[in-house]
Amino acid sequence: MAQPASDSAMRLDKWLWAARFFKTRTLAAEAVTGGKVKLNGERAKAAKALRPGDALNIHIGLYEYVVRVLALSARRGPAPQAALLYEESESSQAARNELTARLAAERRLVTPTKGRPSKKERRQIIQFKKTRID
């Protein structure tokens with residue numbers, strides 16, 4: 001699956017798709033064009049040549065991945081094989097885990113809403129507003 005040759009190169013968007021960071025190549029290309037992916041600290045185009053040893057900063061939603069390219073693959077394989085294409089830094093993993101824990105804690109603090117108020121609840125709200133104004 002992986003091509004270990006050091007002189008080989010492939011498109012950035014194709015590698016992001018093959019490494020399973022994005023579900024489609026179109027999404028990968030849009031992320032690169034939108035500045036969500038930096039190659040060696042600089043913005044790049046989707047067709048930029050990627051080589052083993054290059055560093056990538058990938059922003060997906062609130063999460064940031066800082067990875068180093070280990071190998072290239074022309075096809076998208078299973079997740080365990082895709083994980084062999086890159087190496088994520090320890091600080092990146094720690095930051096993502098901390099953010100995940102913080103978001104989970106915030107989610108527990110928010111009480112879920114039931115949606116729209118019922119007719120009875122609407123009447124109570126109207127009555128409450130009338131008593132507050134008078």
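Residues numbered from 1 in each chain as written. Predicted model: local features only at pLDDT ≥ 70, side-chain atom pairs only at ≥ 80, totals over all residues. Heavy atoms only, no water.

### Some remarks on the overall build of the chain
Of regular secondary structure, the chain possesses five helices and seven strands. In sequence order, the secondary structure elements of the chain are arranged as β-α-α-β-β-β-β-β-α-β-α-α. A globule of 134 residues ought to have a C-alpha radius of gyration of about 14 Å, yet the chain, at 23 Å, is considerably larger. On the principal axes, the C-alpha backbone points of the chain span a range of 80 × 30 × 30 Å. Across the 134 residues that make up the chain, the buried fraction comes to 27%. Considering only contacts within the chain whose residues lie at least 6 apart along the sequence, 49% involve residues at least 24 apart. For the chain, the accessible area works out to roughly 9,400 Å², and carbon and sulfur atoms hold 54% of it. (Helix = DSSP H or I, 4+ residues; strand = E, 2+ residues; numbered from the N terminus. Rg over C-alpha atoms; globule rule 2.2 N^0.38 Å. Buried < 20%, exposed > 50% of the residue type's maximum accessible area, 1.4 Å probe, protein only. Contact = heavy atoms within 4.5 Å. Areas by Shrake-Rupley, 256 points an atom, 1.4 Å probe, with all protein chains shown as cover.)

### Overview of the packing of aromatic side chains
Enumeration over the complete set of coordinates arrives at four aromatic pairs. Considering the side-chain rings of Trp 15 and Tyr 86, the 6.3 Å spacing of their centres and the 80° angle between planes classify their relative orientation as edge-to-face. Residue Trp 15 is found in helix H1 (residues 12–18), and its partner Tyr 86 is found in strand E7 (residues 86–88); the two are separated by 71 residues along the sequence. You can call Trp 15 buried: its relative accessible area is 0%. Taken together through their ring pairs, the aromatic side chains of Trp 15, Phe 21, Tyr 65 and Tyr 86 make up a single cluster. (Phe/Tyr/Trp six-rings, centres within 6.5 Å; stacked < 30°, edge-to-face > 60°.)

### Side note on the environment of Lys 114
Note on placement: Lys 114 falls in the loop between helix H4 (90–109) and helix H5 (119–133). Among the polar contacts listed, one links the side chain of Lys 114 to the side chain of Glu 121, at a separation of 2.9 Å. (Polar contact = N/O pair within 3.5 Å; in protein donor to acceptor, adjacent residues only side chain to side chain.)

### Description of the pairing of strand E6 (residues 63–69)
Along any regular strand the residues' side chains alternate between the sheet's two faces. As judged from the six bridges shared by strand E5 (residues 55–60) and E6, these two strands associate in the antiparallel manner. Counted as the bridge partner of Ile 60 is Tyr 63 from E6. Where E5 folds back on E6, the antiparallel hairpin that results is connected by two residues, among which Gly 61 adopts a positive phi of roughly 65°. Relative to E7, E6 is paired through three bridges, and the arrangement is antiparallel. Counted as the bridge partner of Val 69 is Tyr 86 from E7. (Pairing = 2+ DSSP bridges.)

These values are about where atoms sit, not about what they do.
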